[in-house]
Amino acid sequence: MPMTGTRITDRRILIALIVSLVLIQVGLLTIVLRPTAPDEAAPGPSVSPPERITPSAVSSVSSEPTSTRITEVEHWTNDVAVPESSASATDIASLARAFDEERAAEHLAHLASDELSGRQPGTRGGKEAGAYVAEQFAAYGLSPAGINGTYYQTFTVPYGRITAQPVLAVTSAEEETPKRTHAYRTDYRALTGGYIGAGEATGPVIWLNSCLDQDYTGLNMEDKVVLCRYSGDPQVYRAAIEHQVGGLLLMDRERPDEPFRRGGHRETAWVPETIPAYLISPEIAGDLLIGSDYTLDDLSLRFSATPLSSTVHMEVAIDEQSEVAARNVLGLLPGSDPAYKDQVVVIGAHYDHLGEEPDGEVMNGANDNASGVATMLELARLGQAQDVRPARSVLFAAWDGEEQGLLGSRHYVEHPTQSLTRTIAMLNLDMVGAGERLQIDGDGIVAEQLKASASTYGITHSVTFHGSSDHAPFQNARVPAAMLIYWPDTAYHTPADEMSAIDPQKLKAVGTLSTHALTALAQGYVELEQTVKQLEVSVATGDREAFLALLNPGSTSSTDASVGPERHSHSAFEAAQAAWFDNVQAGKLTSVTFRPGHIRIGDNEATVRLEIAYGWADDHGRARRASYDARFVRRNDAWRFAGYSLDTLEGDVVAVERWSDVPVTTRQLLSTTEELYVSIASDLGATPVPGTRFVIYPSDDTLRAVARPTSDERVGWLVASPQYAEIAWGEPITPAVVSLVLNQMGLPPGEGTWL
């Protein structure tokens, strides 16, 4: 509702009274606080753009450091040893950039060669591929991590191979011999496993809709060849066996241009005599209708049995064995830190593929998944060449049997050679040398670090949650796991998946990304945890010198590059943090906890979610808690605390710094805050000060923990200087803005709140 003239007049009178009171108070304070030296003029209020350093505790404590010591410190884990000096910081970014895609391509070319015959489990090529990986593990200094002191973990898988090209001959009622020859894999493909596979059938073709049990009601389909829609429902095959069908023809009109991709042989025959079953193309389906009055569209509308005018001959020969030997290949890089070496990070890639086709084509699987294994091998070589000895142990795993249903990784999860409860992360590489777009599949710490690593190198990616590869068994076992994959790939499960399809730049991107993420998980996280522990101990013991030694002197409070050059001098940042330290030590500190949560490492910088809690003797045992993102940077081969991870945006007059947990965007905050600040300054007759800053905290607990840790009172907002205000999200913003403007008009910080 618009203001009336009376209300506007009343508001202006109120503003005039406030301004008058401000001027009176400024005058009184000038007289009281005037320096005694007659030739030294009192300085006026500063209106220059501020140096924003969080926390504002710099203005609220005595400069005298205390010697408070805590006799009993609440530690967040007993596993973290506190280094005598600053925790080291590995140059992860430089290590990742050293990934050599040409060396990886050499491994890939061998694994995807005809010599290994498609690497099907139970074949000579499959065994030789596993042996090659084991030889490379040994050459790169990895310890055997299989069974009985070997690199191998053996298990069994079903084996099946079509030994001759399947036959399909279509004869119409008007001809005695087939009209044309159909091409295997282009026009049709044989399906195997369970109720279907080997067999021979010759008979008239009957359209039977979906070929489910109810479609057979009242019909005698013995030795008939049945045509139906393809659904992938295994009940179709069971119904065909039960009704003594001679053969199945399955038409997929939903994806008519999709090539007939071959799957792995997942199961042997379940019955003494199977029947042949083919996926067929629309062209073959059209041939089946010759001599009838139907079209394919007509058939799609017919839900009852419909005899056609054609006869089909089908024949499939298969060599099957219920069990053949398969083996995972496992190599361990032992951890170097006694407190962490029992923790395991897994990097895995399956090395099996689909073997040979009955027409002699070899399914070499260059992208699927010689590319993943080659990337993993180059990563192992790079670690040896750079003498990388991570704190945590790293298990390099080449899985067998993935194409048959993740059999190798499932077997490992059920029979782990390293403690699964101590396995903290799993990174899976599958199809990383070709394909349309890079996907990070999964969630949790591995996916989050992969996203941070991708951002570090500007690698475009998307995030998915399909879980259809070897990371899935780990996820099901509650181990954080994620996969890197380029998808879709037009050559997937076809003979076209050859070395010539591999893009070296895709190998480089995934190699760089996986090297960075793996090293971060196995080493960088430990270094940061130890740095956080050092911060905790320095605060707990009141060791001011040790605390200051863990700081990065030139830090700003924001990670946003748009704010321009660093605004703070070394001494200013250290002064702010020293003031915070002294504020914490001002009372009788009885407990302190710095617990690192979510960690993300980039290019020589990191963000750590800190959960802090501390208490004083007069708190009656109630610990004060807060949680926020803290920045760390790699400086002089050590991690240094670099302030708080804030998103900063500058407007025409003000700038806003938003803590990560504030539930609105920085742009929204800037728009609202700038409009209000300019309006209140105008109402009070003040000139807005360019560069005025507003820091928006996620809660009053965080604001107090950072800016007034020893305060007994709730802290909703603070105006500690004329240059900036600190406000907790959810607090009314107007009082803070009014106080800030009054301070910019001449009232010293902290004065005038009674107005």
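Novice: Would you explain the overall build of the chain in this entry?
Specialist: The helix and strand inventory of the chain stands at 17 helices and 25 strands. Buried positions account for 54% of the 755 residues belonging to the chain. The contacts of the chain with a sequence gap of at least 6 include a subset with a gap of at least 24, amounting to 75%. Split by element, the accessible area of the chain, about 31,900 Å² in all, is 49% carbon and sulfur.

Novice: I keep staring at the packing of aromatic side chains and nothing clicks. Help me out?
Specialist: How two aromatic rings sit relative to each other is given by the distance of their centres and the angle of their planes. Applying the stated rule across the entire model yields 19 aromatic pairs. For the ring pair phenylalanine 547 and phenylalanine 581, a centre distance of 5.0 Å and an interplane angle of 35° mean the geometry is tilted. Of this pair, phenylalanine 547 sits in helix α13 (residues 544-549) while phenylalanine 581 sits in helix α14 (residues 570-585); the two residues are 34 residues apart in sequence, bridging distant segments of the chain. Each of the two residues, phenylalanine 547 as well as phenylalanine 581, counts as buried. Among the aromatic side chains, those forming a connected cluster through ring pairs are Tyr628, Phe632, Phe641, Tyr644, Trp659 and Tyr697.

Novice: Would you explain the pattern of salt bridges in this entry?
Specialist: Enumeration according to the criterion identifies 27 salt bridges in this entry. A salt bridge links arginine 103 to aspartate 100, with the shortest nitrogen-to-oxygen separation between them at 3.5 Å. We classify aspartate 100 as partly exposed; its relative accessible area is 22%. Ionic contacts of the salt-bridge type, sharing partners, join the residues Arg185, Arg189, Arg262, Glu357, Asp359 and Glu361 into one network.

Novice: Can you walk me through empty space enclosed by the protein in this structure?
Specialist: One way to see where empty space is left: roll a probe the size of a water molecule over the atoms. The full count for this structure, using the stated rule, is four cavities of 30 Å³ or more. The space that makes up the largest cavity amounts to roughly 80 Å³. Around the largest cavity sit Leu535, Phe547, Gln577, Trp580, Phe594, Leu610, Tyr628, Phe641 and Tyr644, which together line it. Where the lining of the largest cavity is concerned, the elements lending two or more residues are α14 and β20 (638-644). A class-by-class count of the residues in the lining of the largest cavity yields eight nonpolar, one polar and no charged.

Novice: Before we go on, may I ask you to explain the sheet that holds strand β3 (residues 167-172) in this structure?
Specialist: Pairing between the strands of a sheet comes from backbone hydrogen bonds, and it takes one of two forms, parallel or antiparallel. Pairing within the open sheet is mixed, and its seven strands lie in the order β3-β9-β5-β6-β7-β8-β4. Looking at the sheet topology across the chains shown, the edges are occupied by β3 and β4 (188-190). Averaged over neighbouring strand pairs, the angle between their axes works out to 30° when direction is ignored. Examined bridge by bridge, strand β6 (residues 225-229) and strand β7 (residues 247-251) share five bridges and lie parallel to one another.

Novice: What's the story with the packing of helix α3 (residues 101-111) against helix α12 (residues 504-540) in this structure? I'm lost.
Specialist: When two helices pack together, their arrangement is captured by the angle between the axes and the distance separating the axes. Where α3 meets α12, the closest approach of the two axes is 9 Å, and the angle between their N-to-C directions is 110°. One finds that α3 runs roughly perpendicular with respect to α12. Touching Glu101, Ala105 and Leu108 of α3 are Pro504, Gln505, Leu507 and Lys508, all from α12. The residue makeup of the contact of α3 with α12, split by class, is four nonpolar, one polar and two charged.

Novice: Can you help me understand the confidence of the model for the chain in this one?
Specialist: It should be kept in mind that the predicted coordinates are not to be read in detail where pLDDT is low. This prediction gives the chain a mean pLDDT of 86; 84% of its residues lie at or above 70. Here residues 1-9 is modelled with pLDDT under 50, and outside its nearest four sequence neighbours on either side it reaches three contacts, counting other chains as well. Note on residues 24-53: pLDDT is under 50 here. Beyond four places in sequence and across chains, it has 36 contacts.

Novice: Just to check I follow, could you spell out the nonpolar core for this structure?
Specialist: As a rule of thumb, soluble globular proteins bury nonpolar side chains together. With 122 residues, the main nonpolar core has Phe396, Leu484 and Phe694 as its most contacted residues. When residues of this core are assigned to their parent elements, the largest contribution, 15 residues, is made by α12. Among all residues touching phenylalanine 396, those that are not within four sequence positions of it are Phe137, Leu142, Val329, Leu330, Gly331, Leu333, Ile347, Met376, Leu379 and Ala380. Core analysis: the second largest hydrophobic core is formed by 25 residues, Val225, Ala285, Leu308 and Met314 among them.

Novice: Please explain unusual backbone geometry as it appears in this structure.
Specialist: What you tend to see is this: most non-glycine residues have negative phi, and most peptide bonds are trans. Cis geometry marks the peptide bond from aspartate 368 to asparagine 369; its omega dihedral reads 0°. Along the chain, asparagine 369 turns up in helix α8 (residues 366-385). Residue proline 488 is reached from tryptophan 487 by a cis peptide bond, and omega for that bond is 0°. Looking at where proline 488 falls in the secondary structure, it is placed in the loop between β16 (481-487) and α12. Positive phi outside glycine occurs at asparagine 209, with the angle close to 55°. A relative accessible area of 9% means that asparagine 209 is categorised as buried. Look at methionine 431: it is not a glycine, yet its phi comes out positive at around 60°. Checked against the element boundaries, methionine 431 lands in the loop between β13 (423-429) and β14 (437-442).

Novice: Please clarify how the pairing of β20 should be interpreted in this entry.
Specialist: Regular strands show a simple pattern: their side chains alternate between the two faces of the sheet. Buried residues dominate β20, accounting for seven of its seven residues. Across five bridges, strand β19 (residues 624-635) lies against β20 in antiparallel orientation. Looking at the pairing, arginine 635 lines up with alanine 638 of β20. Hairpin connection from β19 to β20: two residues lie between these consecutive antiparallel strands, with asparagine 636 at a positive phi of about 55°.

Novice: Honestly, the environment of arginine 693 in this entry has me stumped. Any pointers?
Specialist: By the secondary structure assignment, arginine 693 is in strand β23 (residues 692-697). Residue classification places arginine 693 among the buried positions, given a relative accessible area of 4%. Remark: the alpha-carbon pair of arginine 693 and threonine 673, spanning 20 residues in sequence, is separated by 9.7 Å.

Novice: Before we go on, may I ask you to explain the side chain of glutamate 101 in this structure?
Specialist: The topology assignment puts glutamate 101 in helix α3. Classification of glutamate 101 as buried rests on a relative accessible area of 17%. For glutamate 101, the residues in contact, after removing those within four places along its chain, are Pro504, Gln505, Leu507 and Lys508.

Novice: It is not clear to me how the pairing of strand β18 (residues 605-616) should be interpreted in this structure. Could you clarify?
Specialist: Counting buried residues in β18 gives 10 out of 12 residues, a clear majority hidden from the surface. In this structure, strand β17 (residues 589-601) lies alongside β18, joined through 10 bridges in antiparallel fashion. Note that in β18 the partner of serine 591 across the bridge is glycine 615. Count of turn residues in the β17/β18 antiparallel hairpin: three residues, of which asparagine 604 carries a positive phi of about 60°. Relative to β19, β18 runs antiparallel, the two being bridged by 10 bridges. Residue pairing across strands places arginine 609 opposite aspartate 629, the latter belonging to β19.

Novice: Mind showing me how you'd approach helix α4 (residues 124-139) here?
Specialist: Note: α-helices contain 3.6 residues per turn, so residues at a spacing of three or four share the same orientation. Compared with an ideal rise of 1.5 Å per residue, which puts 16 residues at 22 Å, α4 spans 23 Å between its outermost C-alpha atoms and is within 8% of the ideal. Buried residues belonging to α4 abut α3, β2 (152-162), β10 (318-333), α8 and β12 (393-399). Looking one or two residues beyond α4, the residue adopting positive phi is glycine 141, at roughly 80°.

Novice: What exactly am I supposed to notice about the sheet that holds strand β22 (residues 654-659) here?
Specialist: Spatially, β21-β22-β23-β25-β24 is the arrangement adopted by the five strands of the open sheet, whose pairing is mixed. Each edge of the open sheet carries a strand with a single partner, namely β21 (646-650) and β24 (717-721). Neighbour-to-neighbour, the strand axes of the sheet open up by a mean angle of 15°, direction not taken into account. Of the pairings in the sheet, the one linking β23 to strand β25 (residues 724-728) comprises five bridges and is parallel in character. By the bridge assignment for β25, arginine 693 is matched with tyrosine 724. Its contacts with the sheet put helix α15 (residues 666-683) on β21, β22 and β23, and the angle it makes with β22 is roughly 140°. The sheet contacts of helix α16 (residues 700-707) involve β22, β23, β24 and β25, and relative to β25 the element is tilted by about 135°.

Rules used throughout
Residues numbered from 1 in each chain as written. Predicted model: local features only at pLDDT ≥ 70, side-chain atom pairs only at ≥ 80, totals over all residues. Heavy atoms only, no water. Helix = DSSP H or I, 4+ residues; strand = E, 2+ residues; numbered from the N terminus. Buried < 20%, exposed > 50% of the residue type's maximum accessible area, 1.4 Å probe, protein only. Contact = heavy atoms within 4.5 Å. Areas by Shrake-Rupley, 256 points an atom, 1.4 Å probe, with all protein chains shown as cover. Phe/Tyr/Trp six-rings, centres within 6.5 Å; stacked < 30°, edge-to-face > 60°. Salt bridge = Lys/Arg side-chain N within 4 Å of Asp/Glu carboxyl O. 1 Å grid on protein atoms, 1.4 Å probe; cavity = no way out; pocket = protein on both sides within 12 Å on 5 of 7 lines; lining within 4 Å. Points joined across faces, edges and corners; volume = space filled by probe spheres on them. Nonpolar A, V, L, I, M, F, W, Y, C, P; charged D, E, K, R; others polar. Pairing = 2+ DSSP bridges. Axes fitted to C-alpha atoms, helices over the stretch in contact; angles between N-to-C directions. Parallel < 35°, antiparallel > 145°, perpendicular 65-115°, else oblique. pLDDT = per-residue confidence, 0-100. Core = buried A, V, L, I, M, F, W, Y, C linked by side-chain atoms within 4.5 Å. Expected span 1.5 Å × (residues − 1).

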